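Here are the chains, one letter per residue:
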Amino acid sequence: MCDYVSKEFYDLLLANFQFRHDRMALSGHSMGGHRALIMGLREPTKFKSVSAFSPIVNPTRCPWGRNAFQDYLGDDLSKWKEWDACELLEAGKKRSDTILIDQSTKDEFLENQFLTKNFIDASEVKGQLLYCRFQEGYDHSYYFISTFIKQHIDFHFT
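A few points on the structure.

What counts and how
Residues numbered from 1 in each chain as written. Predicted model: local features only at pLDDT ≥ 70, side-chain atom pairs only at ≥ 80, totals over all residues. Heavy atoms only, no water. Helix = DSSP H or I, 4+ residues; strand = E, 2+ residues; numbered from the N terminus. Rg over C-alpha atoms; globule rule 2.2 N^0.38 Å. Buried < 20%, exposed > 50% of the residue type's maximum accessible area, 1.4 Å probe, protein only. Contact = heavy atoms within 4.5 Å. Pairing = 2+ DSSP bridges. Axes fitted to C-alpha atoms, helices over the stretch in contact; angles between N-to-C directions. Core = buried A, V, L, I, M, F, W, Y, C linked by side-chain atoms within 4.5 Å. Patch = residues over 30% accessible without salt bridge, like charges linked within 9 Å, V, L, I, M, F, W, Y side chains within 5 Å. Areas by Shrake-Rupley, 256 points an atom, 1.4 Å probe, with all protein chains shown as cover. Salt bridge = Lys/Arg side-chain N within 4 Å of Asp/Glu carboxyl O. Phe/Tyr/Trp six-rings, centres within 6.5 Å; stacked < 30°, edge-to-face > 60°. Arc of directions from axis to C-beta.

As for the overall build of the chain
Part 1: Within the chain one finds 8 helices and 4 strands.
Part 2: Expected size for 158 residues packed as a compact globule is a radius of gyration near 15 Å; at 15 Å, the chain falls within 12% of this value.
Part 3: For the chain, the C-alpha atoms occupy an extent of roughly 40 × 40 × 30 Å along the three principal directions.
Part 4: Expressed as a percentage of the 158 residues in the chain, the buried residues total 43%.
Part 5: A separation threshold of at least 6 residues defines the contact pool for the chain, and within that pool the share at least 24 residues apart is 73%.

Some details on the environment of R23
Part 1: Here R23 is to be found in the loop between helix 1 (2-16) and strand 1 (25-29).
Part 2: What makes R23 partly exposed here is its relative accessible area of 42%.
Part 3: Sequence-wise, R23 and S49 are 26 residues apart; in three dimensions their C-alpha atoms are separated by 8.5 Å.
Part 4: Those residues in contact with R23 that sit more than four places away from it in its chain are K48 and F157.

What to know about the sheet that holds strand 1
Part 1: On the basis of which strands lie adjacent, the open sheet formed by 4 strands has the order 1-2-3-4 and parallel pairing. Among the strands making up the open sheet, the edge pair consists of strand 1 and strand 4 (130-135). Adjacent strand axes in the sheet meet at a mean angle of 10 degrees when their direction is disregarded.
Part 2: Pairing analysis gives 5 bridges linking strand 1 to strand 2 (residues 49-53), with the strands arranged parallel. Its bridge partner lying in strand 2, G28 is registered against A52.
Part 3: Its contacts with the sheet place helix 7 (residues 116-126) against strand 3 (99-104) and strand 4, and it is angled at close to 155 degrees to strand 4.

Considering the nonpolar core
Part 1: Residues L37, L41, I99 and F119 are the most contacted members of the largest nonpolar core, which totals 21 residues.
Part 2: Those elements giving two or more residues to this core turn out to be helix 2 (31-42), strand 2, helix 5 (85-90), strand 3 and helix 7.
Part 3: For this core, the element with the most residues is helix 2, which contributes 5 residues.
Part 4: Once you skip the residues sitting within four places of it in the chain, I99 turns out to touch L37, L41, V50, F119, Q128, L129, L130, Y131 and F155.

Some points on a nonpolar patch on the surface
Part 1: Together, I149, I153 and F157 make up an exposed nonpolar region whose accessible area comes to about 290 Å².
Part 2: As for its placement among the helices and strands, I149 is situated in helix 8 (residues 142-157).
Part 3: The partly exposed category is assigned to I149, whose relative accessible area is 33%.

So, the side chain of S30
Part 1: Summarising the element assignment, S30 is placed in the loop between strand 1 and helix 2.
Part 2: Owing to a relative accessible area of 15%, S30 belongs among the buried residues under this scheme.

Considerations on the packing of aromatic side chains
Centre-to-centre distance and the angle between the planes together describe a pair of aromatic rings.
Part 1: As enumerated under the stated definition, the model contains 6 aromatic pairs in all.
Part 2: A centroid spacing of 5.7 Å and a plane angle of 90 degrees characterise the contact between F53 and F144, whose relative ring orientation is edge-to-face. Pair noted here: F53 is in strand 2 and F144 is in helix 8, with a separation of 91 residues, a long-range link. The exposure classification of F53 matches that of F144, with both residues buried.
Part 3: With 6.1 Å between their ring centres and 70 degrees between their planes, F109 and F114 make a pair best called edge-to-face.

Topic: helix 3 (residues 63-73)
Part 1: Looking only at helix 3, the buried set comprises G65, A68 and F69. The arc that holds every buried residue of helix 3, seen down its axis, measures 100 degrees, which confines them to one face. Exposed residues on helix 3 whose side chains face more than 90 degrees from its buried face are N67 and D71.
Part 2: Check the buried side of helix 3 and you find it contacts helix 4 (77-81).

If you want it as structure tokens, here you go:
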């Protein structure tokens, strides 16, 4: 899916819809937020900006990620790191602009799956600009995203 979005779909937009690469942004929710982060860190000049809602940021260290990576990538932990936003930061991948993350505080996955603090800490250590907001009272639902989506759209247009 990353190749499709960052290569095939990206090229399709440029070729057929008169999109400018300096106006394309990435955003996503949960797994999609994770994907937006890793794509934005891997190719920092290809996308204007990156934002995420409740992203999984450190899948090599959470139960969901370990299970998925084992199934999809096998036993080679070095391959896992290529698909982990925290590990990409640790390896020196970063953006020159600010990443926006909105995290809901009542999300059932916050403590044991998202590991948001790990991304905050890695960003601080590696000098990645990050605006991470913890939104009180929201869960993992559509209501959370619908409440803050306009702010993300505005973020991408600044």
